[in-house]
2 protein chains.
Amino acid sequence: MNHLSFGELFEEARTGGKSLAQGEFLFQKGAASTHLYTVLEGCVRMVRFTSTGDPIIMHTARSGDGLAEASLFFDTYHCDAEAVLPSTVACYDKKRIVAIIGASPQKSLACIAFFSRQVRSLRALLEVRSIRSARDRVLHYLMLQAAPENMTVRISGSIKDMAHDLAMAHETLYRILANLEKEGKISRDIGIIKIHH
Amino acid sequence: MNHLSFGELFEEARTGGKSLAQGEFLFQKGAASTHLYTVLEGCVRMVRFTSTGDPIIMHTARSGDGLAEASLFFDTYHCDAEAVLPSTVACYDKKRIVAIIGASPQKSLACIAFFSRQVRSLRALLEVRSIRSARDRVLHYLMLQAAPENMTVRISGSIKDMAHDLAMAHETLYRILANLEKEGKISRDIGIIKIHH
DNA sequence: ATGGATGTATGATCTCGGTCATATGGCTAT
DNA sequence: ATAGCCATATGACCGAGATCATACATCCAT
């Protein structure tokens, strides 16, 4: 089972990169969608605005995440992509991607595998979020993220990001982690959490 | 833009159907995944159990919905599929599906489109769930689901299912809907919610 | 070095929403 | 027709967790 990212898969379709200042838009709703992107650095989020002007955040992409993969099959973008931090993205030409898929059954299978892995992990995240108790949610999340051998979780990003993943206030997460450590259920180091079953 | 279901896409890979009594399992976690399914009739849900034995409902599939599409590239199923009602499902042979994808770039593109749509809707659900306030969560959910022309949401399934999607107690959702209606922000009919902005 | 921004951390307070209880209407099976 | 089940609906209560406030450390840019 190969675990290629979108970028690795379609390296040949890459047409360069782009730097975005904080607050800059990568693209906006309605623009012709000619490229797909992956975030190399920083943080870009997809936003749609309701008729009342309220923003709806559809997705927040961090380093390694794809952007607008779904617009491969649409002529225009249907959200805005805004850099929340200074960011860099890699650009991939849609036409070339389609050509690659048409020419290589292997690549197209790998691409489908890529998406279905993503579906799995998104469902897993949804599963975590359907747990009511914040404490249980944290425990379940840690279990999911932990490498099975050593029951160790490497935290990518900040605890605040993790709190967002877990759909809870970051203060709550700090408290819960502190409690779990006090109880001896976990131990912590910078960027690492170890679970003691 | 075609919105083929998995079933329509891979009709040739179909190997028949299966009837399930209420409570019967279509497959269970860990079993070799040889087939994918779509629900023809009834209702099948995907469940995982936590270490404490609590069930977590990952997904509820009704007529027309696919089941376990994401396990196309995994050797075993990752959760249990249980019929909540007497149900019938169509079965599709994984090997044949892979063969079809290899042989037809068109089908493989359609398949990729299918998965990327799914990724997008899962992401949308995740973002909805990251909204703290239950009331705002409901509003955003309705906005996302609403057809842009007429701002009308067709409810598939029950309000309880919707409450599960929204990760809140169904009582809370009943109350919030009643309030929104009282305030004139929405109006309701059986199976339909209309948003007045 | 200094000020600003951000992440980490913890205490105090208060409210939102989860839980429990109860009621009613619709549907199915006997 | 009757009993049982489920979705819908609403009231009452209370506790988990959101919010607000404060403090300290780190990292940048000036």
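Residues numbered from 1 in each chain as written. Chains lettered and ligands numbered in written order. Predicted model: local features only at pLDDT ≥ 70, side-chain atom pairs only at ≥ 80, totals over all residues. Heavy atoms only, no water.

Remarks on the layout of surface pockets
Over the atoms a probe the size of a water molecule is rolled, and this reveals where empty space is left.
Item 1. Within this model, the second largest pocket holds a volume of roughly 1400 Å³.
Item 2. Lining the second largest pocket are 45 residues, with Asp65(A), Ser121(A), Leu125(A), Gln145(A) and Asp165(A) sitting closest to its centre.
Item 3. Among the secondary structure elements, those contributing two or more residues to the lining of the second largest pocket are helix 1 (6–9), strand 3 (35–41), strand 5 (55–62), helix 3 (105–129), helix 4 (134–145), strand 9 (152–154) and helix 5 (159–165) of chain A together with helix 3 (105–129) of chain B.
Item 4. Examining the composition of the lining of the second largest pocket, we find that ten residues originate from one element, helix 3 of chain A, more than from any other.
Item 5. Of the residues assigned to the lining of the second largest pocket, the class counts are 18 nonpolar, 15 polar and twelve charged. (1 Å grid on protein atoms, 1.4 Å probe; cavity = no way out; pocket = protein on both sides within 12 Å on 5 of 7 lines; lining within 4 Å. Points joined across faces, edges and corners; volume = space filled by probe spheres on them. Helix = DSSP H or I, 4+ residues; strand = E, 2+ residues; numbered from the N terminus. Nonpolar A, V, L, I, M, F, W, Y, C, P; charged D, E, K, R; others polar.)

Side note on the pairing of strand 8 (residues 87–93) of chain B
Residue and element names in this part refer to chain B.
Item 1. Counting buried positions over the seven residues of strand 8 gives six, a clear majority of the element.
Item 2. Here strand 1 (residues 14–20) pairs with strand 8 via six bridges, running antiparallel. Bridge pairing in strand 8 links glycine 17 to alanine 90.
Item 3. As defined by bridge partners, strand 3 (residues 35–41) adjoins strand 8 across six bridges and the pair is classed as antiparallel. In the strand pairing of strand 8, leucine 36 is matched with tyrosine 92. (Buried < 20%, exposed > 50% of the residue type's maximum accessible area, 1.4 Å probe, protein only. Pairing = 2+ DSSP bridges.)

Notes on the domain arrangement of chain A
Item 1. What the domain assignment lists for chain A is domain 1 (6–122) and domain 2 (131–195).
Item 2. Taking only C-alpha atoms into account, the centre of domain 1 of chain A sits 29 Å from that of domain 2 of chain A. (Domains from an automatic or database assignment.)

Focus on the pattern of salt bridges
Pairs can form between side chains of opposite charge once their charged atoms are near each other.
All names here are of chain B.
Item 1. One pass over the structure, following the stated rule, counts ten salt bridges over all chains.
Item 2. A salt bridge links glutamate 12 to lysine 107, with the nearest nitrogen and oxygen atoms 3.3 Å apart. Of this pair, glutamate 12 sits in the loop between helix 1 (6–9) and strand 1 while lysine 107 sits in helix 3, and the two are 95 residues apart along the sequence.
Item 3. The exposure class assigned to lysine 107 is partly exposed, which follows from its relative accessible area of 22%. (Salt bridge = Lys/Arg side-chain N within 4 Å of Asp/Glu carboxyl O.)

Quick look at the relation of the copies chain A and chain B
Item 1. Least-squares fitting of chain A to chain B yields an RMSD of 1.4 Å, with the transformation described by 0.3 Å of translation along the axis and a rotation of 175 degrees. Interpreted geometrically, this transformation is the action of a two-fold axis. Measuring from the rotation axis to each C-alpha of chain A, the shortest distance belongs to Ile112(A), at 2.6 Å. (Least-squares fit on C-alpha atoms with pLDDT ≥ 70 in both.)

Side note on the protein's contact with DNA strand C
Item 1. Neighbouring residues of DNA strand C: 17 residues in total, closest Tyr174(A), Arg175(A), Ala134(B), Thr172(B) and Arg175(B).
Item 2. Near the protein, within 4 Å, the atoms of DNA strand C are sugar or phosphate in 51% of cases.
Item 3. A distance of 3.2 Å separates a phosphate oxygen of DNA strand C from a polar atom in the side chain of Lys160(A).
Item 4. Within the side chain of Arg188(A), one N or O atom sits 3.4 Å away from a phosphate oxygen of DNA strand C.
Item 5. Those elements that place two or more of their residues in the surface near DNA strand C are helix 5 and helix 6 (170–182) of chain A together with helix 6 (170–182) of chain B.
Item 6. For the surface near DNA strand C, the element with the most residues is helix 6 of chain A, which contributes four residues.
Item 7. Class assignment for the residues of the surface near DNA strand C results in six nonpolar, three polar and eight charged. (Near = heavy atom within 4 Å. Polar contact = N/O pair within 3.5 Å; in protein donor to acceptor, adjacent residues only side chain to side chain.)

Focus: the protein's contact with DNA strand D
Item 1. Ala134(A), Thr172(A), Arg175(A), Tyr174(B) and Arg175(B) are the nearest of the 17 residues found near DNA strand D.
Item 2. Per the 4 Å cut-off to the protein, sugar and phosphate atoms form 55% of the nearby atoms of DNA strand D.
Item 3. Between DNA strand D and the protein, one listed contact pairs a base nitrogen with a side-chain N or O atom of Arg175(B) at 2.8 Å.
Item 4. Of all the elements, helix 6 of chain B adds the most residues to the surface near DNA strand D, at four residues.
Item 5. Along the lines of polarity and charge, the residues of the surface near DNA strand D split into six nonpolar, three polar and eight charged.

Points about the interface of chain A and chain B
Item 1. At the interface, 49 residues of chain A touch 45 residues of chain B.
Item 2. Three residues stand out in chain A for area buried against chain B, namely Phe73(A), Arg120(A) and Arg123(A), and they jointly supply 17% of the buried area on that side.
Item 3. Joining chain A to chain B, the criterion identifies two salt bridges.
Item 4. Listed by contribution, the elements that provide at least two residues to the side of chain A that touches chain B are strand 5, helix 2 (94–103), helix 3 and helix 4 of chain A.
Item 5. Considering each element in turn, the side of chain A that touches chain B owes the most residues, 19 residues, to helix 3 of chain A. (Contact = heavy atoms within 4.5 Å. Buried area = accessible area lost by both parts, 1.4 Å probe.)

Description of the environment of Gly42(B)
Item 1. Examined against the element boundaries, Gly42(B) turns out to sit in the loop between strand 3 and strand 4 (43–49).
Item 2. As a C-alpha pair, Gly42(B) and Lys29(B) span 13 residues in sequence and 21 Å in three-dimensional space.

Concerning the sheet that holds strand 1 of chain B
Each strand in a sheet pairs with its neighbour through backbone hydrogen bonds, running either in the same direction (parallel) or in the opposite one (antiparallel).
Residues and elements named next belong to chain B.
Item 1. Strand order across the open sheet formed by four strands is 1-8-3-6, with antiparallel pairing between neighbours. On the outer flanks of this sheet lie strand 1 and strand 6 (66–67), each paired with one strand and no other.
Item 2. Where helix 2 (residues 94–103) meets the sheet, it contacts strand 1, strand 3 and strand 8, and its direction lies at approximately 55 degrees from that of strand 8. (Axes fitted to C-alpha atoms, helices over the stretch in contact; angles between N-to-C directions.)

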